[in-house]
Each structure stands twice: as C-alpha cells, then as structure tokens.
Amino acid sequence: MGVESDEWKSVEREEEKRGEMMACRQLWASRAASYLRISVFHRSFSHVVKDLKYADSHEWVKVEGNSATVGITDHAQDHLGDVVYVELPEVGATVTQGDSFGAVESVKATSDINSPVSGKVIEVNEELNSSPALVNSSPYKDGWIIKVDLSDSGELNNLMDSEKYSKFCEEEDSH
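Conventions adopted
- Residues numbered from 1 in each chain as written.
- Predicted model: local features only at pLDDT ≥ 70, side-chain atom pairs only at ≥ 80, totals over all residues.
- Heavy atoms only, no water.
- UniProt positions renumbered as here; feature names shortened; annotations may be inferred.
- Helix = DSSP H or I, 4+ residues; strand = E, 2+ residues; numbered from the N terminus.
- Buried < 20%, exposed > 50% of the residue type's maximum accessible area, 1.4 Å probe, protein only.
- Polar contact = N/O pair within 3.5 Å; in protein donor to acceptor, adjacent residues only side chain to side chain.
- Pairing = 2+ DSSP bridges.
- pLDDT = per-residue confidence, 0-100.
- Contact = heavy atoms within 4.5 Å.
- Patch = residues over 30% accessible without salt bridge, like charges linked within 9 Å, V, L, I, M, F, W, Y side chains within 5 Å.
- Areas by Shrake-Rupley, 256 points an atom, 1.4 Å probe, with all protein chains shown as cover.
- Salt bridge = Lys/Arg side-chain N within 4 Å of Asp/Glu carboxyl O.

Colleague: Before we go on, may I ask you to explain the UniProt feature "modified residue: N6-lipoyllysine" (unreviewed entry) in the protein in this structure?
Modeller: As annotated in UniProt, the feature "modified residue: N6-lipoyllysine" (unreviewed entry) corresponds to Lys108 in the numbering used here. Relative to the helices and strands, Lys108 resides in the loop between strand 6 (100–106) and strand 7 (110–114). With a relative accessible area of 21%, Lys108 lands in the partly exposed category. Among the polar contacts listed, one links the side chain of Lys108 to the backbone oxygen of His79, at a separation of 3.2 Å.

Rendered as structure tokens:
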C-alpha cells in the first residue's frame, strides 16, 4: 500500500508540473498574441477613466485649469507588458499635440509617447526613473508621465471621451 501511495503522489506531482507548464504556455501565447496585435480573448478588463480625454495613440490627459497631466492608458500598458524604462523630457520642453516627447521601453518593445496636447512641460514624474513599473501598476494615478501648461485648450476637442476610447480599443483589438 505504501508503494501505491508513493506512485500516486508522483503522478500528482507530474500532473501539477504539467499544469504549470500549460499555464506558462498560455501566458506566453497570450503575450505573443498581444505583441502581434492578435486578440486571443476579449480585453474588457482594460480600465478606462470617465473624466479623462484620450488620444488614438493611447495616451490620456487630465485637465485642471490650464494644467494637463499626461500618461499612457491601461490598454497601452497592457499591450506593452512590463515597463522597464521611461524616457522623460526636460522640464521647460515644448510638446506638440500628436508629436513624440518620450518613449516607454518594455520587455517586449520600445514605443514612442505622443503628446495629446500642446504646451510647455512644467513637471515630469521623476519617480518613474527608479520605478518605471508604476506605468503598469497605476497608469492613471502614480504612473503619470508629464504635466503640461496648455497652450491651446481647443485641442482637447480633437481627443476622445471615455466612451469613444473604449469603443476604439474594442475595434482595434478585434482586428
């Protein structure tokens, strides 16, 4: 009876290992599919914040008075994977709507960060130098990238609200 029990434990361990290997394969496959922009499941878990404006390049902006806080969306960070470096502009630099002002480097790729608004950079999130993963763990709060003194608030009309951005992401992921 002791031999059968030991054999059974061995079988259970093998099945457990096999299950872990399958989970790793599924994770790898979903990450590869995400990188290749192939949707393997509905990405309804990406969070979109209602009171923000969104660019089609997956940056968000929160406007308070003449100041705008900018970051990348939950959808963008999810597609990028683990962020390992964020290239920040200098305070005082001028940014232009639609133009690149920095980059996000992940384990998968490097991607430009485009400004959703035009203006002068008044603050950068220095915390990202030592903790770039804040872009993954808190894209709308602690993972913000820059603050801008707006030069043309009318540009906000070129951006999407949360509802339009959610639909945009769903359409993009379905292709």
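Now that the structure is up, let's keep going.
Colleague: Please explain the pairing of strand 2 (residues 59–64) as it appears in this structure.
Modeller: Two faces belong to every sheet, and in a regular strand the side chains alternate between them. Across two bridges, strand 1 (residues 53–54) lies against strand 2 in antiparallel orientation. Note that in strand 2 the partner of Tyr54 across the bridge is Trp60. Two successive antiparallel strands, strand 1 and strand 2, enclose a turn made up of four residues, where His58 displays a positive phi of approximately 75°. Where strand 2 meets strand 3 (residues 67–72), six bridges bridge the pair, whose relative direction is antiparallel. Among the inter-strand pairings, Val61 is bridged to a residue of strand 3, identified as Val70. Between the end of strand 2 and the start of strand 3, which pair antiparallel, lie two residues, with Gly65 showing a positive phi angle near 65°.

Colleague: Got a minute to help me understand the sheet that holds strand 8 (residues 119–124) in this structure?
Modeller: Picture the strands of a sheet paired through backbone hydrogen bonds; they go either parallel or antiparallel. On the basis of which strands lie adjacent, the open sheet formed by six strands has the order 1-2-3-9-8-5 and antiparallel pairing. With one partner strand each, in any of the chains shown, strand 1 and strand 5 (94–95) form the two edges of the open sheet.

Colleague: Explanation requested: the confidence of the model for the protein in the structure shown.
Modeller: A low pLDDT score tells you not to read the predicted coordinates there in detail. In the predicted model, the protein carries a mean pLDDT of 83, and 74% of its residues have values of at least 70. Scored below 50 in pLDDT, residues 38–45 makes 12 contacts in the model with residues more than four places away or belonging to other chains.

Colleague: Any chance you could explain the environment of Val48 here in plain terms?
Modeller: Mapped onto the secondary structure, Val48 falls in the loop between helix 1 (2–35) and strand 1. Look past the residues within four positions of Val48 in its chain and what remains in contact with it is Tyr54, Tyr140, Ser162, Tyr165 and Ser166.

Colleague: Please explain a nonpolar patch on the surface as it appears in this structure.
Modeller: There is a patch of nonpolar side chains on the surface, built from Val84, Tyr85 and Val107 and spanning about 290 Å² of accessible area. Within the element layout of this structure, Val107 appears in the loop between strand 6 and strand 7.

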